[in-house]
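Chain by chain, the residues:
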Amino acid sequence: MATLRDIKRRINSVKSTAKITRAMKMVSAAKLRRAQERMFALRPYAEKIGEVLSSLSQPVEQDIHPLLMPRPRKTVEVLILTSDKGLCGAFNSNVIKAGVNLINRLKSEGFEVSISTIGRKARDYFKRRGVELREVWTGLSGKITYSSAQDIARNLMEHYMDETFDEVHLVYNEFKTVVAQKVVELKLLPIAPVEHETEKEKEMKDFLFEPSEEEVFNRLLPKSIEILVYRALLESQASEEAARMTAMENATTNAEDMIDRLTLEYNKARQASITKELMDIVGGAEALKE
Amino acid sequence: MADKLTLDIVTPYGSVFSDDVDEVVAPGTEGEFGVLPGHVPFITTLNIGILTYKKGGSTGYVFVNSGYAEVTDDRVLILADSAEKAEDIDVERAKAAMKRAEERMKKQDEIDFARAQAALQRAVTRIETAKKAGRG
């Protein structure tokens, strides 16, 4: 049986762990709030750019821009978005699992697959298994900016244009609620045709373009990809913090349970030792009487 | 026909401006253009520049860093990579950015040069915007 001192030591160790997990939960809660704010801030821009695009798509011929045109698929790019840090429950393993499933499915359908990753966790996973990665981005956690999204989006578009791959899928965690994150697969390229507007709206918009419709379109399309990537980064960031918050909350609860159990054990052991000492004293006294 | 324009300026970092105004002048890539209520539907790309709006008797200035403008009858929608109202511009930071960009331009690297030039233009425009609003 563990001695009193051993149990005491365990209790203290669990207590300090609980202190850490509790602090991490608070930190995550604060970071989550900030990530959510940025998601909300992006929303109007993303919506409006969709609006402008849809008012454009009507008169524009589909073959005007290569980013819009599906072509025979040979190589498919899978981009997996994870975090740099762990301690956030099944957050990373869920995305990686979904990504690997997608890769296997594409491979079984006979496509070549090139893999890129964002975040240290995905990189480490594939590195450990000796999988070659096309491109790796790390160090984004906590400092996502629009220009980091731009860099990623531009890299993807560039290699899509030079036909390194013919399709791009992004796998990431979408932020549903604080307790629910959902892994989604998003086809980034080629861009799906924008949904057509209703007849009435169409009539109203007969735009003049400057410098030219094509020029506007050419600048707007890449922008919409940048926005999609930026949004995915922010969603993933918020999901990560939410997942970490939940994980740390559970860890804290578990630690408290453990402290309760250990305290009980400690008290039992203390009681037992007191009883034993009493028995000794009584026994000693009895022996003296005789 | 509407007699007011709704001016919306949004960036990936959030909405910068949203209000009814009387007149808007924006820096299009093909030159500055003015918009009054009842303008024909119009879409254009924007340069780095200063957007001016008039509301009642007062005039406001907004720094706009490239993007698009969509004009419909009673609405001007600006989608900018970034934008700041004159009163929100950090002049000190813009001045520092200007110095940095100038130093980088002295080095003879072509890609860096283009980038530095864009950065310089942004910084200078920011400072000008602030000056127009009577600051700095």
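Everything numeric here is computed off the predicted structure, so don't read it as measured data. (Residues numbered from 1 in each chain as written. Chains lettered and ligands numbered in written order. Predicted model: local features only at pLDDT ≥ 70, side-chain atom pairs only at ≥ 80, totals over all residues. Heavy atoms only, no water.)

**Observations concerning the packing of aromatic side chains**
Here is step 1 of the chain: What the rule picks out here adds up to five aromatic pairs over all chains.
Here is step 2 of the chain: Ring geometry for Tyr146 of chain A against Tyr230 of chain A: centres 5.2 Å apart, planes inclined by 90°, an arrangement best described as edge-to-face. A residue pair is termed long-range when its members are at least 10 positions apart, and Tyr146 of chain A in helix H4 (residues 146-161) and Tyr230 of chain A in helix H6 (residues 213-289) qualify at 84 residues. When sorted by exposure, Tyr146 of chain A lands in the same class as Tyr230 of chain A, which is buried.
Here is step 3 of the chain: An angle of 50° between the planes, with centres 4.6 Å apart, marks the rings of Phe17 of chain B and Tyr53 of chain B as tilted. Of this pair, Phe17 of chain B sits in strand S2 (residues 14-21) while Tyr53 of chain B sits in strand S6 (residues 49-55); the two residues are 36 residues apart in sequence, bridging distant segments of the chain.
Here is step 4 of the chain: Judged by relative accessible area, which is 13%, Tyr53 of chain B ranks as buried. (Phe/Tyr/Trp six-rings, centres within 6.5 Å; stacked < 30°, edge-to-face > 60°. Helix = DSSP H or I, 4+ residues; strand = E, 2+ residues; numbered from the N terminus. Buried < 20%, exposed > 50% of the residue type's maximum accessible area, 1.4 Å probe, protein only.)

**Comments concerning the sheet that holds strand S4 (residues 167-175) of chain A**
Residue and element names in this part refer to chain A.
Here is step 1 of the chain: Within the open sheet, the five strands sit side by side as S3-S2-S1-S4-S5. Their pairing is mixed. At either margin of the open sheet sits one strand with a lone partner, and together these are strand S3 (135-137) and strand S5 (181-189). On average, each strand axis in the sheet is inclined to that of its neighbour by 20°, with strand direction left out of account.
Here is step 2 of the chain: In this structure, strand S2 (residues 112-118) lies alongside S3, joined through three bridges in parallel fashion. (Pairing = 2+ DSSP bridges. Axes fitted to C-alpha atoms, helices over the stretch in contact; angles between N-to-C directions.)

**Some remarks on the pairing of strand S3 (residues 23-28) of chain B**
All names here are of chain B.
Here is step 1 of the chain: Here S3 pairs with S6 via three bridges, running antiparallel. Within S6, the position partnered with Val24 by the bridge is Tyr53.
Here is step 2 of the chain: Relative to strand S4 (residues 31-35), S3 runs antiparallel, the two being bridged by five bridges. Across the sheet, residue Val24 finds its bridge partner in S4, namely Val35.

**Considering the nonpolar core**
Here is step 1 of the chain: In this structure, Ile118, Ile152, Leu189, Val229 and Leu233 of chain A are the most contacted members of the largest nonpolar core, which totals 53 residues.
Here is step 2 of the chain: Listing elements by their share of this core, those giving two or more residues are helix H1 (4-57), strand S1 (75-81), H4, S4, S5 and H6 of chain A together with strand S8 (75-85) of chain B.
Here is step 3 of the chain: With 14 residues, H6 of chain A is the largest single contributor of residues to this core.
Here is step 4 of the chain: Each residue touching Val229 of chain A, except ones within four places of it in the same chain, is listed here: Ala149, Ile152, Ala153 and Leu188 of chain A.
Here is step 5 of the chain: Formed by 22 residues, the second largest nonpolar core is a distinct cluster that contains Phe17, Ala26, Val71 and Ala80 of chain B. (Core = buried A, V, L, I, M, F, W, Y, C linked by side-chain atoms within 4.5 Å. Contact = heavy atoms within 4.5 Å.)

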